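# Close look at the chain arrangement
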Amino acid sequence: MNIIELAANHAQWLNGAEDYHGVVVSCRARLARNLSAMTFAPKATVDDQERVIEQVLNAAQRGHLMNSASFFRMDALRDNERRLLVERHLVSPALAESSGQRGLLFGRDESLSIMINEEDHLRLQAILPGLQAEDAWAAVNALDDELGASVAYAYSDRWGFLTACPTNVGTGLRLSILIHLPALVLTEDIERVTRGLTEIAFTVRGFYGEGTHPVGNLFQVSNQSTLGFEENKIVEKLTAITQQIIACEKDAQDALLKEARAQVEDKVWRAYGLLSNARVLSSQEFMNLLSAVRLGYSLGLLKQINSAFMNRLMIVTQPSHLQMENGGEIASEERDVCRAERVRSHFETLASEEGKQS
Amino acid sequence: MKCEICHKNDATTAYTHIVDDTKKTLLLCGNCIPQSEEKKKDASQPKDDQSPKSVPQLIKKVKVEFNNAGSSEAIENTVCRECGMTYKQFKKVGRLGCHQCYTSFAPQLERLLKRIHGADAHCGKAPIEVGTVPSPHKALEQLRNELKDAVSCEQFERAAKIRDQIREIEADAEGRSSS
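This one's a predicted model, so the numbers in the text were calculated from it and none came from an experiment.

The subject of this paragraph is the overall build of chain B. When helices and strands are tallied, chain B shows eight helices and two strands. The order of helices and strands in chain B, counted from the N terminus, is β-β-α-α-α-α-α-α-α-α. By sequence separation, contacts in chain B at least 24 residues apart represent 31% of the contacts at least 6 residues apart.

Right under this line is the structure:
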């Protein structure tokens, strides 16, 4: 798959399964791994980094899960193309921006991927739609076993899998759930939830993970600690916590609807109207409107849309996707026009499909 | 906006404390929250009169203690015999140089890991032995999920490719078990 095909690919994690009425977008399990007897990536020479890439590609070839995966070398991509990978949640902003020999290996449906030479030699990722933390862990665990059968990992009995940053040592497992919490933001209870999570060693991050800000009321809930807890316990605990957050969000949504039904309906339908008709849409405005529409879907006010529609729209309207579609760099103002066009055309398709069905 | 403790990472969380009935908010990164959290717990059970009175003081104390964690010159200058990194360099960049650094800096890391994770021993998966033949079971499960998704999205060309791959793995596994 080349980058243009990738920009139009249907990533499985956006398909809206197990979404708890639009509250949960996706879940991601990430394992940090290093090859034994090799300098860690931040201190490695270009030759070392090359050797890591070679070993990983060979190991992937020998397994079943990634033997038909696509591979990109970061330095062979343009800035915009690297940012496109960030927008698709296939690479971290850090991998896209750093220098040296780095690579990305990913499967056809983008549910499995491997970042090579980020902060650690390997960052294995499984990303699935909705709240399927157990399945995401199982998928990344299977990939880990396949690669581990071919390459020796840096591991100590005492401290587990050894990572460049001590915050990832142990299981190396970071599990994150991308969750939409508009009602908790509106009722200003989000701070309380965030604080509660921090106290039990879980954390809330932004849209693209560590060091990024929440956009469109989307948050990533993830485990903070990677040492001293078995992987299954992390999965269990994060799932239970997410279910509690979903319940809080649902309560807040019900309360909003009960106390201010007209205002909530107005907010949702106005957003729907704007998205269907606007001629200029900035990224931030789009994400805020989409959040209102998603709330409308969660509340059962908008029956004509679903999570898959909103999730895909959210990715294809991001700056690098728009530029890729237009075949090159475009200025921000022009991008806002393209974004509005793209959104409108998606809504028109939706309306015509609905017309056919009725 | 950089984290107000480490001044290195981007702040991701507005961290609010109530100290002496005054609300104080600090912008912190993910790494620094548990450190201050842990110190806060310590501070709530004062052993002496030096318990911090305000968040900025508290944070300052944490920062100083973090930097001073056993700060004798000998410790600072401990060198990893594998990659040549010193403990001082590690503290500056926050990333270890190689797997051997974990042995070279073991006493210092023990304290640090306990503070970061609240634990100092691994519990969970160990790596599979190199040379083990991976079971096709999980790969097949993954591919069947993919096939289901491809069919539901009406991507039949993709579905056909996945089906062929499933057949190939099944034939391969059968061949292996009968030989």
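With that out of the way, let us pick up the overall build of chain A. In terms of helices and strands, chain A carries 13 helices and ten strands. For a compact globule of 358 residues, the expected C-alpha radius of gyration is about 21 Å, and chain A comes in at 21 Å, within 12% of that figure. The dimensions of chain A, computed from C-alpha atoms along their principal axes, are 65 × 45 × 35 Å. Put simply, 70% of the contacts in chain A that link residues at least 6 apart link residues at least 24 apart.

All names here are of chain A. Of all ten residues making up strand β1 (residues 24-33), ten are buried, and the element is well covered by its neighbours. With seven bridges joining them, β1 and strand β8 (residues 173-180) adopt antiparallel strand pairing. Residue pairing across strands places cysteine 27 opposite isoleucine 177, the latter belonging to β8. With eight bridges connecting them, β1 and strand β5 (residues 122-129) associate as antiparallel partners. Bridging from a neighbouring strand, cysteine 27 pairs with leucine 128 of β5.

Residues and elements named next belong to chain A. For β5, the buried fraction is high: eight of the eight residues fall into the buried class. Burial of β5 is two-sided: the residues Leu122, Leu124, Ala126 and Leu128 facing one way and the residues Arg123, Gln125, Ile127 and Pro129 facing the other way are all buried. Alignment of strand β4 (residues 112-116) against β5, held across five bridges, turns out to be antiparallel. Within β5, the position partnered with serine 113 by the bridge is glutamine 125.

Residue and element names in this part refer to chain A. Pairing within the open sheet is antiparallel, and its eight strands lie in the order β2-β3-β4-β5-β1-β8-β10-β9. Strands at the two margins of the open sheet, each flanked by one partner only, are β2 (70-73) and β9 (202-205). The mean inter-strand angle of the sheet, taken between neighbouring strand axes irrespective of direction, is 20 degrees.

Turning our attention to the interface of chain A and chain B. Contacts between the two partners involve 58 residues from chain A and, on the opposite side, 50 residues from chain B. Put simply, the parts of the chain that give the side of chain A that touches chain B at least two residues each are α5 (133-148), β6 (155-156), α7 (190-199) and β9 of chain A. Residue composition of the side of chain A that touches chain B, grouped by class: 20 nonpolar, 25 polar and 13 charged.

Attention now moves to the packing of α5(A) against helix α8 (residues 231-259) of chain A. Residue and element names in this part refer to chain A. As a packed pair, α5 and α8 sit with axes 9 Å apart at the nearest point and diverge in direction by 155 degrees. Judged by the angle between their axes, α5 and α8 are roughly antiparallel. With respect to the hand of their crossing, α5 and α8 are arranged in right-handed fashion. Between α5, through Ala133, Glu134 and Trp137, and α8, the contact on the second element is made entirely by Glu231, Val235, Leu238 and Thr239. Among the residues forming the contact of α5 with α8, the class breakdown is four nonpolar, one polar and two charged.

Our next topic: helix α10 (residues 283-298) of chain A. The first and last C-alpha atoms of α10(A) sit 22 Å apart over 16 residues, in line with the 22 Å expected at 1.5 Å per residue. Positive phi shows up at A:Gly300, right after α10(A), with a value of about 80 degrees.

The rules behind each value
- Residues numbered from 1 in each chain as written.
- Chains lettered and ligands numbered in written order.
- Predicted model: local features only at pLDDT ≥ 70, side-chain atom pairs only at ≥ 80, totals over all residues.
- Helix = DSSP H or I, 4+ residues; strand = E, 2+ residues; numbered from the N terminus.
- Contact = placed C-beta atoms within 7 Å.
- Rg over C-alpha atoms; globule rule 2.2 N^0.38 Å.
- Buried ≥ 20, exposed ≤ 12 C-beta atoms within 10 Å, placed from the backbone.
- Pairing = 2+ DSSP bridges.
- Axes fitted to C-alpha atoms, helices over the stretch in contact; angles between N-to-C directions.
- Nonpolar A, V, L, I, M, F, W, Y, C, P; charged D, E, K, R; others polar.
- Parallel < 35°, antiparallel > 145°, perpendicular 65-115°, else oblique.
- Left-handed = near helix turned anticlockwise from the far one by under 90°.
- Expected span 1.5 Å × (residues − 1).

Limitation: the analysis is restricted to geometry and does not speak to function.
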